[in-house]
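# Observations on the model geometry
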Amino acid sequence: MASRVAPLKLTPRRPSSRNHFALREWALMLLMMLAVAAGLGWQNGLGRIDQTWYDLLIASSGRPARNDIIIVAIDDYSLSLLGRWPWPRQLHAQLLDRLTAAKARAVGLDVIMAEAEPAPRVGDLALQAAMVRNGAVVMPVIMNNLGQGQTATLPIPALAVAAAGMGHIGLDLDRDGVIRSVFLHEGDTLPLWPHFALKLGGEKLFQPAPAPAPAAPAVGWQRTGRILIPYAGSSGHFSTVPYAAVLRGEVAPGFFTDKYVLVGATAVGMADAYPTPVSGQSGGMAGVEIHANILAALLDGKSISAARPWQAALFGSVPVMLALLCYFLFSPRVALIATAALILASALFSLIAFRFGLWIAPAAPCIALIIAYPLWSWRRLEAAIGYLDQEYSRLDSEPHLLPETRKTGEFSADVLERSINAMKNAASRVRDLRRFVSDSLDSVPDATLVTTVDGYVLLANKHAVDYFSRVGFKKITGALLPYLFTTPDQTMPQVFDHTIEAQFNWWDLLDPAHADTFSAGVGFRNDAGMELLVRSAPCRSVDGVLTGWIVSVIDISAIRAAERSRDETLRFLSHDMRAPQASILALLELQANAASALPQAELFARIERASRKTLGLADNFVQLARAESHEYRFEDVDFHDMVLDAIDEMWSLATSKKIDIRAEMAAEVFLVRVDRSLMTRALTNLLSNAINYSPSGSLIVCALSPRHGLAGDQVVCSITDQGYGIAAADQIKLFRRFARVDVPNQPRHDGIGLGLVFVKTVIERHQGDISFASRLGIGTTFTVVLPALVDPG
């Protein structure tokens, strides 16, 4: 009982929402990271990270000190000469008089004088008079917190009235204790006090957005006009002279002409020193130097303003949006490079904006990007692991087409590594299956190709490569299938299969509408005359989607030749074999009637002739069938002996026609490897034809000779008669089945046209060759060439 193979049941792939899920997940992460980036950016500064970056930018953006700003320092040198602080206010009056005489543009007296001197207040009066004489002295306003909120403390009234102006000396201290900004206007009443440097340089130099002017004094401390201080340099950057040196006249008066002079403390333990972005390892910077930097910035028109919250939020969101777009569209490697590039771009943009006077903190987008890439990579890794597990489980649940060796020792505690190993096994199975498919294609006896839906060749077995190389295509992988069949001489198929109602086009091989027609095969002839059968079958995926085509080209030339031989044989059986038997039956019917009965001798003679004719026809068929079979009995034989055997067998026939047969053979051994009986019969057929188609009294010569050449040693046998010859029109059909040659005005001979077909078949099966030359009325020569064996003697 034949075994039955169960059909494979492949699990169809269900429509999946994986792509939509990935898009939704990406959109959700995009919104989340935009919220994080915008939230962090809204603050425009994330503490120490952005402060460090800001300090680096400030430190690298120094500029030359202005030569119209001079600091008169109350330094250790002056204290050593003038005594301990506080000094008598007459000394300040003397200093102002010297500066007045030197025609200083303005003097900023950064010395707190909130309390009057004891009576009789000579110093206060002297200082008041000196301030009036100068006319450009600015006094400081300090902020105090006495438990009831901040309040402004002014100089004593006598000095306040004499001053050209007053300004607050408050500085904005960041959480890390570093002075990076200042409010240009502060106070607890309106109008707010301008900053000391702003008042010193003239408020026309820099006017922030004015605060609204309420009808009543403000309640609580107010600040407006915050700017980031664009420091020109670190401590000692501006020209500084000791207080005592000016007072003693050691500095030329012209040094202060038309200059801004700031008087303030720089002595250790006395000065109000603060850390600044440019302080570095030098410690704090004295308040008077900070005011000098602020004054220089106002005079230069330099300012650094912090970005507004919405600007910082937008700056933080744009790089994150671009990064998430790269994550979705490109590979992880490209996404990582894009993340690093966007981080650098954020820092670069912050630097460029800083150069144009806008501070925008880069930490928000950088932190968001640093968070986004690992988060997205984690989600992608989770998705990849899940997909690998799902696909491998699905693949493992399907029938295994090939035997497999179970692999051991590959267990790993790591989830990803287990998934990778599982997918590695699946990939190995796919490679084995591809190799199996490739080997299976090569084992198919027909030329077979596998193409894409569009017809581009993906796979081709060796038979296909051989066939198309013979017709001129050396490389067929990647070629377009219809062009492989199209040649300059044949653009349309030469169809001989009459089951096709109309002519087809080679592109129809790739048309699903013609799949049923081509699944059975369509016959055509190529330019070489080969008769071929082309088949085309669609290849579909598990989901039923068309994925390609399997096309095979089968050489059916031998089959078609066999069909034609069969048809000829049937015609022969229906006519030549039937005719003698019908004659015998007709004789027997005539013999039954006394009026038409023949003499017994004549009856037996006619029956004998018909029977012998039938027997001869049958014998020719049997001999031809044996010649075309594979049952040859080869042996080493001297060709000389077979020629003599054939002559002996035909001697009686030749004698009856008075024809002489002469053997012209060299006295040597002509050793060949043949089937002796079939080869002898072939030679006998050639001699028989020579006798039958030669007149009485003629000569037939059988010659045998060796031949040595590039093809090796050969035996050449020729049979030459002096017969009627063969017309040129009949020579082309001499070796065809059932083809007979009749010479006009010459005796007709019984035969069915299989004798020479038998001879040619036997010679070719012995790797030999047969040829002939004939002239009408002169005779014919048949030449047989066979490979010779080396005589071991």
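Relevant structure appears above.
Below, the structure is looked at part by part. All values reported here derive from a predicted model rather than from experimental measurement. (Residues numbered from 1 in each chain as written. Predicted model: local features only at pLDDT ≥ 70, side-chain atom pairs only at ≥ 80, totals over all residues. Heavy atoms only, no water.)

### Some words on the overall build of the chain
For the chain, the helix and strand inventory stands at 23 helices and 28 strands. Put simply, the chain has 793 residues, and 41% of those count as buried. The long-range share in the chain, meaning contacts at least 24 apart out of those at least 6 apart in sequence, stands at 72%. Summed over its atoms, the accessible surface of the chain is roughly 42800 Å², and 58% of this surface lies on carbon and sulfur atoms. (Helix = DSSP H or I, 4+ residues; strand = E, 2+ residues; numbered from the N terminus. Buried < 20%, exposed > 50% of the residue type's maximum accessible area, 1.4 Å probe, protein only. Contact = heavy atoms within 4.5 Å. Areas by Shrake-Rupley, 256 points an atom, 1.4 Å probe, with all protein chains shown as cover.)

### Let's talk about the state of the cysteines
Under the defined criterion, the tally for this structure stands at 0 disulfides. Among the cysteines around Cys717, which has no disulfide bond, Cys702 carries the closest sulfur, lying 6.3 Å off. (Disulfide = S-S within 2.5 Å.)

### Thoughts on the sheet that holds strand E28 (residues 779–787)
Pairing is mixed in the open sheet, where 5 strands are placed in the order E23-E25-E26-E28-E27. For this open sheet the edge positions go to strand E23 (660–665) and strand E27 (769–775), each flanked by a neighbour on one side alone. Within the sheet, the average angular offset between the axes of one strand and its neighbour, ignoring direction, is 15°. Across 7 bridges, the pairing between E27 and E28 is antiparallel. Within the sheet, the bridge partner assigned to Phe772 lies in E28 and is Phe782. The strands touched by helix H23 (residues 755–765) are E27 and E28; relative to E27, the strand with the most contacts, the crossing angle is about 140°. (Pairing = 2+ DSSP bridges. Axes fitted to C-alpha atoms, helices over the stretch in contact; angles between N-to-C directions.)

### A short note on helix H11 (residues 332–355)
The end-to-end C-alpha distance of H11 is 34 Å, a good match for the 34 Å that 24 residues give at a rise of 1.5 Å each. Regarding H11, the residues found buried are Ala335, Ala338, Thr339, Leu342, Ser346, Ser350, Ala353 and Phe354. A positive phi of about 90° marks Gly357, the residue just after H11. (Expected span 1.5 Å × (residues − 1).)

### Topic: the nonpolar core
Grouped together as the largest cluster of nonpolar side chains are 42 residues, with contacts concentrated most on Ile69, Tyr231, Leu262, Ile294, Leu295 and Trp359. Considering each element in turn, this core owes the most residues, 8 residues, to helix H9 (residues 287–300). Discounting chain neighbours no more than four positions away, the residues touching Ile69 are Phe238, Ser239, Tyr260, Leu262, Ala292, Leu295, Ala296 and Leu299. (Core = buried A, V, L, I, M, F, W, Y, C linked by side-chain atoms within 4.5 Å.)

### Things to note about the packing of aromatic side chains
Counted under the stated rule, the structure contains 11 aromatic pairs. An angle of 35° between the planes, with centres 5.7 Å apart, marks the rings of Phe772 and Phe782 as tilted. With Phe772 in strand E27 and Phe782 in strand E28, the pair connects residues that are 10 residues apart, well separated along the chain. Grouped by ring-pair contacts, the aromatic residues Tyr54, Phe354 and Trp359 constitute a single cluster. (Phe/Tyr/Trp six-rings, centres within 6.5 Å; stacked < 30°, edge-to-face > 60°.)

### With respect to helix H10 (residues 309–329)
Here H10 is 21 residues long and its end C-alpha atoms lie 31 Å apart, about the 30 Å a rise of 1.5 Å per residue gives. Of all the residues in H10, the buried ones are Ala312, Ala313, Phe315, Gly316, Ser317, Pro319, Val320, Ala323, Leu324, Cys326 and Tyr327.

### Concerning the environment of Ser350
For Ser350, the location among the structural elements is in helix H11. For Ser350 and Pro362, which are 12 residues apart along the polypeptide, the C-alpha to C-alpha distance reads 6.1 Å. Sequence-distant contacts of Ser350, that is, excluding residues within four places in its chain, are made with Trp53, Leu57, Trp359, Ile360 and Pro362.

### Remarks on a nonpolar patch on the surface
Among the surface-exposed residues, Leu23, Leu325, Phe328, Leu329, Phe330 and Val334 lie close enough to one another that they form a single nonpolar patch of about 530 Å² accessible area. Looking at which element gives the most residues to the nonpolar patch, the answer is H10, with 3 residues. With respect to the helices and strands, Phe328 occurs in helix H10. Residue classification places Phe328 among the partly exposed residues on the basis of a relative accessible area of 36%. (Patch = residues over 30% accessible without salt bridge, like charges linked within 9 Å, V, L, I, M, F, W, Y side chains within 5 Å. Salt bridge = Lys/Arg side-chain N within 4 Å of Asp/Glu carboxyl O.)

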